[in-house]
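This is what each chain is made of:
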Amino acid sequence: MSISAFKIANKLITGAAAIEQLSAELTRLNVQNPLIVTDAILVQSGTVDLALAQLGGRRYGLFDQVEPEPEIAIVEACTRAYREGGHDGLIGVGGGSAIDIAKGVAAFAGHEGSLGELFGVDLVKRKGPPLIAIPTTAGTGSEVTNVAIFSDKQAQIKKGIVSDYLLPDVALVSPLMTLTCPRSVTAASGVDALVHAVEAYLSVNASPITDAIALGAIKLIVKALPKAYANPSSLQAREDMATASLMAGMAFGNAGVGAVHALAYP
Ligand SMILES: NC(=O)c1ccc[n+]([C@@H]2O[C@H](COP(=O)([O-])OP(=O)(O)OC[C@H]3O[C@@H](n4cnc5c(N)ncnc54)[C@H](O)[C@@H]3O)[C@@H](O)[C@H]2O)c1
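Criteria and thresholds
- Residues numbered from 1 in each chain as written.
- Predicted model: local features only at pLDDT ≥ 70, side-chain atom pairs only at ≥ 80, totals over all residues.
- Heavy atoms only, no water.
- UniProt positions renumbered as here; feature names shortened; annotations may be inferred.
- Helix = DSSP H or I, 4+ residues; strand = E, 2+ residues; numbered from the N terminus.
- Rg over C-alpha atoms; globule rule 2.2 N^0.38 Å.
- Areas by Shrake-Rupley, 256 points an atom, 1.4 Å probe, with all protein chains shown as cover.
- Lys, Arg positive; Asp, Glu negative; His and termini not counted.
- Charge placed at Lys NZ, Arg CZ, Asp CG, Glu CD.
- Core = buried A, V, L, I, M, F, W, Y, C linked by side-chain atoms within 4.5 Å.
- Buried < 20%, exposed > 50% of the residue type's maximum accessible area, 1.4 Å probe, protein only.
- Contact = heavy atoms within 4.5 Å.
- Near = heavy atom within 4 Å.
- Polar contact = N/O pair within 3.5 Å; in protein donor to acceptor, adjacent residues only side chain to side chain.
- Nonpolar A, V, L, I, M, F, W, Y, C, P; charged D, E, K, R; others polar.
- Expected span 1.5 Å × (residues − 1).
- Salt bridge = Lys/Arg side-chain N within 4 Å of Asp/Glu carboxyl O.
- Patch = residues over 30% accessible without salt bridge, like charges linked within 9 Å, V, L, I, M, F, W, Y side chains within 5 Å.

You can read under Sequence similarities (unreviewed entry) in the UniProt record for the protein chain the words "Belongs to the iron-containing alcohol dehydrogenase family."

The structure is reproduced here in C-alpha coordinates:
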(Lines give C-alpha, C1' and ligand atoms only; values in the text may rest on other atoms or scores of the structure.)
Protein backbone atom coordinates (compact mmCIF):
# COMPACT_ATOMS: atom_id res chain seq x y z
CA MET A 1 0.00 0.00 0.00
CA SER A 2 1.18 3.53 -0.73
CA ILE A 3 1.68 5.99 2.09
CA SER A 4 0.81 9.68 2.23
CA ALA A 5 2.26 12.39 4.46
CA PHE A 6 0.28 15.38 5.69
CA LYS A 7 2.20 18.54 6.51
CA ILE A 8 1.06 22.08 7.24
CA ALA A 9 2.27 25.07 9.27
CA ASN A 10 3.15 24.06 12.82
CA LYS A 11 0.30 26.10 14.35
CA LEU A 12 -2.84 27.61 12.82
CA ILE A 13 -4.63 30.46 14.56
CA THR A 14 -7.86 31.56 12.89
CA GLY A 15 -10.67 34.03 13.53
CA ALA A 16 -10.94 37.81 13.58
CA ALA A 17 -8.94 38.16 16.80
CA ALA A 18 -6.15 35.85 15.57
CA ILE A 19 -3.92 38.84 14.85
CA GLU A 20 -3.96 39.69 18.60
CA GLN A 21 -1.90 36.52 19.21
CA LEU A 22 1.10 37.88 17.30
CA SER A 23 3.08 39.14 20.29
CA ALA A 24 2.47 35.94 22.28
CA GLU A 25 3.66 33.84 19.34
CA LEU A 26 6.78 35.98 18.91
CA THR A 27 7.51 35.49 22.60
CA ARG A 28 6.97 31.73 22.32
CA LEU A 29 9.34 31.60 19.35
CA ASN A 30 11.87 33.83 21.17
CA VAL A 31 11.81 36.55 18.51
CA GLN A 32 12.93 39.99 19.73
CA ASN A 33 13.55 41.85 16.47
CA PRO A 34 11.42 40.57 13.57
CA LEU A 35 11.57 41.72 9.96
CA ILE A 36 8.10 42.43 8.54
CA VAL A 37 8.01 41.40 4.87
CA THR A 38 5.24 43.13 2.93
CA ASP A 39 4.46 45.45 0.03
CA ALA A 40 3.88 49.19 -0.31
CA ILE A 41 0.15 48.89 -1.06
CA LEU A 42 -0.43 47.00 2.18
CA VAL A 43 1.44 49.70 4.08
CA GLN A 44 -0.62 52.46 2.40
CA SER A 45 -3.93 50.67 3.00
CA GLY A 46 -3.22 50.48 6.74
CA THR A 47 -3.39 46.67 6.75
CA VAL A 48 0.20 46.32 7.95
CA ASP A 49 -0.62 48.63 10.88
CA LEU A 50 -2.93 45.92 12.25
CA ALA A 51 0.12 43.66 12.61
CA LEU A 52 2.49 46.41 13.79
CA ALA A 53 0.05 47.20 16.62
CA GLN A 54 0.47 43.64 17.91
CA LEU A 55 4.28 43.50 18.20
CA GLY A 56 4.21 44.06 21.96
CA GLY A 57 6.57 47.04 21.77
CA ARG A 58 9.38 45.08 20.10
CA ARG A 59 11.73 46.79 17.71
CA TYR A 60 11.27 45.60 14.15
CA GLY A 61 12.33 46.22 10.58
CA LEU A 62 10.00 46.80 7.63
CA PHE A 63 10.75 45.53 4.13
CA ASP A 64 7.96 46.80 1.88
CA GLN A 65 9.46 46.24 -1.56
CA VAL A 66 7.63 43.02 -2.46
CA GLU A 67 5.90 43.11 -5.84
CA PRO A 68 3.23 40.79 -7.28
CA GLU A 69 4.73 37.60 -8.77
CA PRO A 70 8.02 38.62 -7.12
CA GLU A 71 11.35 38.31 -8.82
CA ILE A 72 14.26 36.33 -7.42
CA ALA A 73 16.19 39.58 -6.86
CA ILE A 74 13.62 40.60 -4.21
CA VAL A 75 14.54 37.54 -2.11
CA GLU A 76 18.17 38.65 -2.28
CA ALA A 77 17.35 42.26 -1.36
CA CYS A 78 15.12 41.17 1.53
CA THR A 79 17.76 38.74 2.80
CA ARG A 80 20.29 41.59 2.84
CA ALA A 81 17.84 43.66 4.91
CA TYR A 82 17.35 40.68 7.23
CA ARG A 83 21.07 40.16 7.80
CA GLU A 84 21.98 43.86 8.07
CA GLY A 85 19.14 44.53 10.53
CA GLY A 86 20.29 41.78 12.90
CA HIS A 87 16.81 40.27 12.79
CA ASP A 88 15.90 37.01 14.50
CA GLY A 89 12.57 36.17 12.88
CA LEU A 90 10.33 36.86 9.88
CA ILE A 91 6.69 37.94 9.61
CA GLY A 92 5.22 37.72 6.11
CA VAL A 93 2.23 40.08 5.90
CA GLY A 94 0.60 39.94 2.50
CA GLY A 95 -0.70 37.84 -0.26
CA GLY A 96 1.23 34.91 -1.63
CA SER A 97 3.87 37.26 -2.99
CA ALA A 98 4.97 38.68 0.40
CA ILE A 99 4.62 35.36 2.23
CA ASP A 100 6.70 33.60 -0.44
CA ILE A 101 9.45 36.24 -0.14
CA ALA A 102 9.50 35.71 3.65
CA LYS A 103 9.79 31.95 3.03
CA GLY A 104 12.59 32.53 0.54
CA VAL A 105 14.47 34.61 3.11
CA ALA A 106 13.93 31.90 5.75
CA ALA A 107 15.58 29.43 3.36
CA PHE A 108 18.38 31.74 2.18
CA ALA A 109 19.32 33.63 5.38
CA GLY A 110 21.45 30.82 6.82
CA HIS A 111 22.66 29.43 3.49
CA GLU A 112 26.29 29.99 2.63
CA GLY A 113 26.03 29.44 -1.14
CA SER A 114 23.95 31.19 -3.79
CA LEU A 115 20.17 31.44 -3.81
CA GLY A 116 20.12 29.52 -7.09
CA GLU A 117 21.34 26.40 -5.28
CA LEU A 118 18.03 26.26 -3.35
CA PHE A 119 15.64 26.12 -6.34
CA GLY A 120 14.21 22.63 -6.65
CA VAL A 121 12.95 20.02 -4.22
CA ASP A 122 14.49 19.38 -0.78
CA LEU A 123 17.67 21.41 -1.40
CA VAL A 124 17.33 23.55 1.77
CA LYS A 125 19.69 22.02 4.34
CA ARG A 126 18.29 23.27 7.63
CA LYS A 127 15.41 25.10 9.31
CA GLY A 128 15.71 28.87 9.03
CA PRO A 129 14.65 31.59 11.48
CA PRO A 130 11.14 31.55 13.00
CA LEU A 131 8.53 32.42 10.39
CA ILE A 132 5.00 33.71 10.97
CA ALA A 133 2.70 34.00 7.95
CA ILE A 134 -0.20 36.48 8.02
CA PRO A 135 -2.21 36.28 4.79
CA THR A 136 -3.99 39.38 3.48
CA THR A 137 -5.61 37.65 0.51
CA ALA A 138 -7.81 34.55 0.43
CA GLY A 139 -5.87 33.25 -1.41
CA THR A 140 -2.92 31.24 -2.19
CA GLY A 141 -2.76 29.14 0.98
CA SER A 142 0.97 29.90 1.07
CA GLU A 143 0.66 30.23 4.86
CA VAL A 144 0.44 26.42 5.10
CA THR A 145 2.47 25.12 2.17
CA ASN A 146 6.10 24.07 1.82
CA VAL A 147 6.69 25.94 -1.42
CA ALA A 148 7.73 29.47 -2.42
CA ILE A 149 7.38 30.66 -6.02
CA PHE A 150 9.43 33.38 -7.72
CA SER A 151 9.69 34.85 -11.22
CA ASP A 152 12.90 34.57 -13.18
CA LYS A 153 12.45 37.50 -15.55
CA GLN A 154 15.52 36.72 -17.62
CA ALA A 155 14.54 33.11 -18.26
CA GLN A 156 10.83 34.10 -18.35
CA ILE A 157 9.83 31.23 -16.08
CA LYS A 158 8.61 30.72 -12.52
CA LYS A 159 10.94 28.89 -10.15
CA GLY A 160 10.17 27.30 -6.80
CA ILE A 161 11.89 26.35 -3.60
CA VAL A 162 10.17 23.26 -2.22
CA SER A 163 11.18 22.17 1.26
CA ASP A 164 9.45 21.22 4.49
CA TYR A 165 11.75 23.78 6.15
CA LEU A 166 9.56 26.46 4.48
CA LEU A 167 6.46 25.44 6.45
CA PRO A 168 5.70 28.46 8.66
CA ASP A 169 5.92 28.10 12.43
CA VAL A 170 2.59 29.90 12.75
CA ALA A 171 -0.16 30.88 10.31
CA LEU A 172 -2.20 33.76 11.76
CA VAL A 173 -5.32 33.87 9.59
CA SER A 174 -7.58 36.81 10.44
CA PRO A 175 -10.32 38.08 8.11
CA LEU A 176 -9.52 41.61 9.34
CA MET A 177 -6.35 41.47 7.21
CA THR A 178 -8.39 40.95 4.01
CA LEU A 179 -11.02 43.69 4.45
CA THR A 180 -9.04 46.17 2.33
CA CYS A 181 -8.72 43.77 -0.63
CA PRO A 182 -10.08 45.42 -3.77
CA ARG A 183 -12.77 43.47 -5.64
CA SER A 184 -10.37 42.44 -8.40
CA VAL A 185 -7.99 40.84 -5.86
CA THR A 186 -10.90 39.28 -3.93
CA ALA A 187 -12.16 37.65 -7.13
CA ALA A 188 -8.81 36.52 -8.55
CA SER A 189 -7.40 35.16 -5.30
CA GLY A 190 -10.76 33.56 -4.41
CA VAL A 191 -10.80 31.68 -7.71
CA ASP A 192 -7.17 30.67 -7.08
CA ALA A 193 -8.27 29.07 -3.80
CA LEU A 194 -11.22 27.36 -5.52
CA VAL A 195 -8.93 25.90 -8.21
CA HIS A 196 -6.48 24.72 -5.53
CA ALA A 197 -9.28 22.82 -3.82
CA VAL A 198 -10.73 21.34 -7.03
CA GLU A 199 -7.30 20.26 -8.30
CA ALA A 200 -6.38 18.74 -4.93
CA TYR A 201 -9.66 16.81 -4.90
CA LEU A 202 -9.03 15.49 -8.42
CA SER A 203 -5.33 14.77 -7.82
CA VAL A 204 -3.99 11.24 -8.21
CA ASN A 205 -2.16 11.90 -4.91
CA ALA A 206 -5.33 12.80 -3.00
CA SER A 207 -6.04 10.98 0.27
CA PRO A 208 -9.20 10.75 2.38
CA ILE A 209 -7.71 13.54 4.52
CA THR A 210 -7.06 15.95 1.64
CA ASP A 211 -10.40 15.04 0.00
CA ALA A 212 -12.35 15.99 3.14
CA ILE A 213 -10.51 19.30 3.47
CA ALA A 214 -10.78 20.12 -0.25
CA LEU A 215 -14.53 19.45 -0.28
CA GLY A 216 -14.96 21.60 2.83
CA ALA A 217 -13.05 24.42 1.14
CA ILE A 218 -15.14 24.18 -2.04
CA LYS A 219 -18.40 24.37 -0.06
CA LEU A 220 -17.23 27.46 1.83
CA ILE A 221 -15.94 29.23 -1.29
CA VAL A 222 -19.12 28.63 -3.29
CA LYS A 223 -21.10 30.19 -0.43
CA ALA A 224 -18.75 33.01 0.58
CA LEU A 225 -16.91 34.26 -2.51
CA PRO A 226 -19.95 35.92 -4.16
CA LYS A 227 -20.76 37.54 -0.79
CA ALA A 228 -17.21 38.81 -0.24
CA TYR A 229 -17.23 40.24 -3.77
CA ALA A 230 -20.66 41.86 -3.44
CA ASN A 231 -20.05 43.16 0.08
CA PRO A 232 -16.29 43.57 0.71
CA SER A 233 -16.85 44.69 4.32
CA SER A 234 -18.77 41.53 5.30
CA LEU A 235 -16.62 40.08 8.08
CA GLN A 236 -18.46 36.74 7.91
CA ALA A 237 -17.82 36.36 4.18
CA ARG A 238 -14.16 37.41 4.62
CA GLU A 239 -13.74 34.94 7.48
CA ASP A 240 -15.28 32.09 5.48
CA MET A 241 -12.96 32.90 2.55
CA ALA A 242 -9.87 33.15 4.78
CA THR A 243 -10.70 29.74 6.29
CA ALA A 244 -11.48 28.22 2.91
CA SER A 245 -8.24 29.48 1.40
CA LEU A 246 -6.31 28.02 4.33
CA MET A 247 -8.12 24.69 3.85
CA ALA A 248 -7.47 24.71 0.11
CA GLY A 249 -3.77 25.30 0.88
CA MET A 250 -3.78 22.36 3.30
CA ALA A 251 -5.34 20.20 0.58
CA PHE A 252 -3.18 21.11 -2.41
CA GLY A 253 -0.05 21.42 -0.25
CA ASN A 254 -0.38 17.68 0.34
CA ALA A 255 -2.30 16.31 -2.66
CA GLY A 256 -0.66 18.60 -5.23
CA VAL A 257 -2.26 20.56 -8.04
CA GLY A 258 -2.99 19.64 -11.65
CA ALA A 259 -3.07 20.91 -15.19
CA VAL A 260 -4.38 24.41 -14.47
CA HIS A 261 -1.38 25.28 -12.32
CA ALA A 262 0.99 23.42 -14.63
CA LEU A 263 0.07 26.00 -17.29
CA ALA A 264 2.02 28.59 -15.27
CA TYR A 265 5.20 26.75 -16.27
CA PRO A 266 6.74 26.39 -19.73
N1 LIG B 1 3.56 29.34 -1.97
C2 LIG B 1 2.40 28.89 -2.37
O3 LIG B 1 1.91 27.86 -1.89
C4 LIG B 1 1.68 29.64 -3.45
C5 LIG B 1 0.45 29.15 -3.94
C6 LIG B 1 -0.19 29.88 -4.92
C7 LIG B 1 0.36 31.05 -5.42
N8 LIG B 1 1.56 31.49 -4.93
C9 LIG B 1 2.17 32.74 -5.41
O10 LIG B 1 1.50 33.81 -4.77
C11 LIG B 1 1.59 34.98 -5.59
C12 LIG B 1 0.23 35.61 -5.74
O13 LIG B 1 -0.28 35.92 -4.46
P14 LIG B 1 -1.71 36.61 -4.27
O15 LIG B 1 -2.66 36.10 -5.29
O16 LIG B 1 -2.08 36.46 -2.85
O17 LIG B 1 -1.47 38.13 -4.65
P18 LIG B 1 -0.28 39.16 -4.30
O19 LIG B 1 0.35 38.84 -3.01
O20 LIG B 1 0.62 39.23 -5.49
O21 LIG B 1 -1.11 40.50 -4.17
C22 LIG B 1 -1.79 41.01 -5.31
C23 LIG B 1 -2.08 42.50 -5.10
O24 LIG B 1 -3.08 42.63 -4.10
C25 LIG B 1 -2.64 43.56 -3.11
N26 LIG B 1 -3.20 43.14 -1.82
C27 LIG B 1 -3.02 41.96 -1.19
N28 LIG B 1 -3.73 41.94 -0.05
C29 LIG B 1 -4.36 43.14 0.05
C30 LIG B 1 -5.22 43.74 1.03
N31 LIG B 1 -5.62 43.09 2.12
N32 LIG B 1 -5.63 45.01 0.81
C33 LIG B 1 -5.26 45.69 -0.31
N34 LIG B 1 -4.45 45.17 -1.26
C35 LIG B 1 -4.02 43.91 -1.09
C36 LIG B 1 -1.13 43.48 -3.14
O37 LIG B 1 -0.56 44.68 -2.66
C38 LIG B 1 -0.86 43.27 -4.62
O39 LIG B 1 -0.81 44.50 -5.30
C40 LIG B 1 2.20 34.54 -6.92
O41 LIG B 1 3.56 34.88 -6.96
C42 LIG B 1 2.02 33.02 -6.89
O43 LIG B 1 3.01 32.33 -7.66
C44 LIG B 1 2.20 30.81 -3.95
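Undergrad: What is the right way to read the overall build of the protein chain from this model?
TA: Counting its secondary structure elements, the protein chain contains nine helices and nine strands. Against the 2.2 N^0.38 benchmark of 18 Å for 266 residues, the protein chain shows a C-alpha radius of gyration of 17 Å, consistent with a compact globule. Along the first, second and third principal axes, the C-alpha set of the protein chain runs to 45 × 40 × 35 Å. Carbon and sulfur atoms provide 57% of the accessible area of the protein chain, an area that totals close to 11,900 Å². With 19 positive and 24 negative side-chain charges, the protein chain shows a spacing of 3 Å between the two charge centroids.

Undergrad: Is there a simple way to explain the nonpolar core in this structure?
TA: Looking at soluble globular proteins, one finds that nonpolar side chains tend to be buried together. With 27 residues, the main nonpolar core has Val-37, Leu-90, Ile-101, Leu-115, Phe-150 and Ile-161 as its most contacted residues. Those elements that place two or more of their residues in this core are β2 (34-37), α4 (72-84), α5 (96-108) and β7 (147-152). For this core, the leading source of residues is α5, giving seven residues. Discounting chain neighbours no more than four positions away, the residues touching Leu-115 are Ile-72, Val-75, Glu-76, Phe-108 and Ile-161.

Undergrad: Help me out: how do you make sense of the site of the ligand in this one?
TA: In the region of the ligand, 27 residues are neighbours, and Gly-96, Ser-97, Thr-137, Thr-145 and Thr-180 sit closest. Contact between the ligand and Gly-96: an oxygen atom at 2.8 Å from a main-chain N or O atom of the residue. With the chains in place, 88% of the 870 Å² that the ligand exposes on its own is no longer accessible. Listed by contribution, the elements that provide at least two residues to the shell around the ligand are α2 (40-44), α5, β7 and α6 (183-202). Of the residues forming the shell around the ligand, the biggest block, four residues, is contributed by α5. Class assignment for the residues of the shell around the ligand results in eleven nonpolar, eleven polar and five charged.

Undergrad: How do you make sense of unusual backbone geometry when you look at a structure like this?
TA: Leaving glycine aside, a negative phi is the common case for residues, and trans is the common case for peptide bonds. With a phi close to 50°, Glu-69 is a non-glycine residue in the positive phi region. Topologically, Glu-69 is positioned in the loop between β3 (61-63) and α4.

Undergrad: So what exactly am I meant to see when it comes to helix α8 (residues 235-255) here?
TA: For an α-helix, 3.6 residues make a turn, and residues three or four places apart therefore share a direction. End to end, α8 covers 30 Å across 21 residues, agreeing with the expected 30 Å (1.5 Å per residue, within 8%). Burial analysis of α8 places 16 of its 21 residues in the buried class, the great majority of the element. Positive backbone phi, approximately 90°, marks Gly-256, located one or two places after α8.

Undergrad: How should I be thinking about the UniProt feature "domain: Alcohol dehydrogenase iron-type/glycerol dehydrogenase GldA" (unreviewed entry) in the protein chain in this particular structure?
TA: Under the present numbering, the feature "domain: Alcohol dehydrogenase iron-type/glycerol dehydrogenase GldA" (unreviewed entry) in UniProt falls on residues 10-175. Here residues 10-175 runs as 27% helix and 24% strand, with 20 Å between its end C-alpha atoms.

Undergrad: What is the right way to look at the pattern of salt bridges in this model?
TA: Any two side chains of opposite charge can pair, given that their charged atoms come close. Under the defined criterion, the tally for this structure stands at eight salt bridges. When the shortest N-O distance is used, the salt bridge between Glu-25 and Arg-28 registers 2.7 Å. On the criterion of helical spacing, the pair formed by Glu-25 and Arg-28 is a turn pair, its members being three residues apart in helix α1 (residues 22-28). Sharing partners across several salt bridges, the network here consists of Lys-11, Glu-25 and Arg-28.

Undergrad: Hey, could you run me through helix α7 (residues 208-230) in this one?
TA: The terminal C-alpha atoms of α7, which comprises 23 residues, lie 34 Å apart, in line with the 33 Å expected from a rise of 1.5 Å per residue. The complete set of buried residues in α7 reads Thr-210, Ile-213, Ala-214, Ala-217, Ile-218, Leu-220, Ile-221, Ala-224, Leu-225 and Ala-228. Elements in contact with the buried residues of α7: α6 and α8.

Undergrad: Is there a simple way to explain a nonpolar patch on the surface in this structure?
TA: Taken together, the side chains of Leu-50, Leu-176, Leu-179 and Leu-235 make up a nonpolar region of the molecular surface, amounting to roughly 260 Å² of accessible area. Mapped onto the secondary structure, Leu-235 falls in helix α8.

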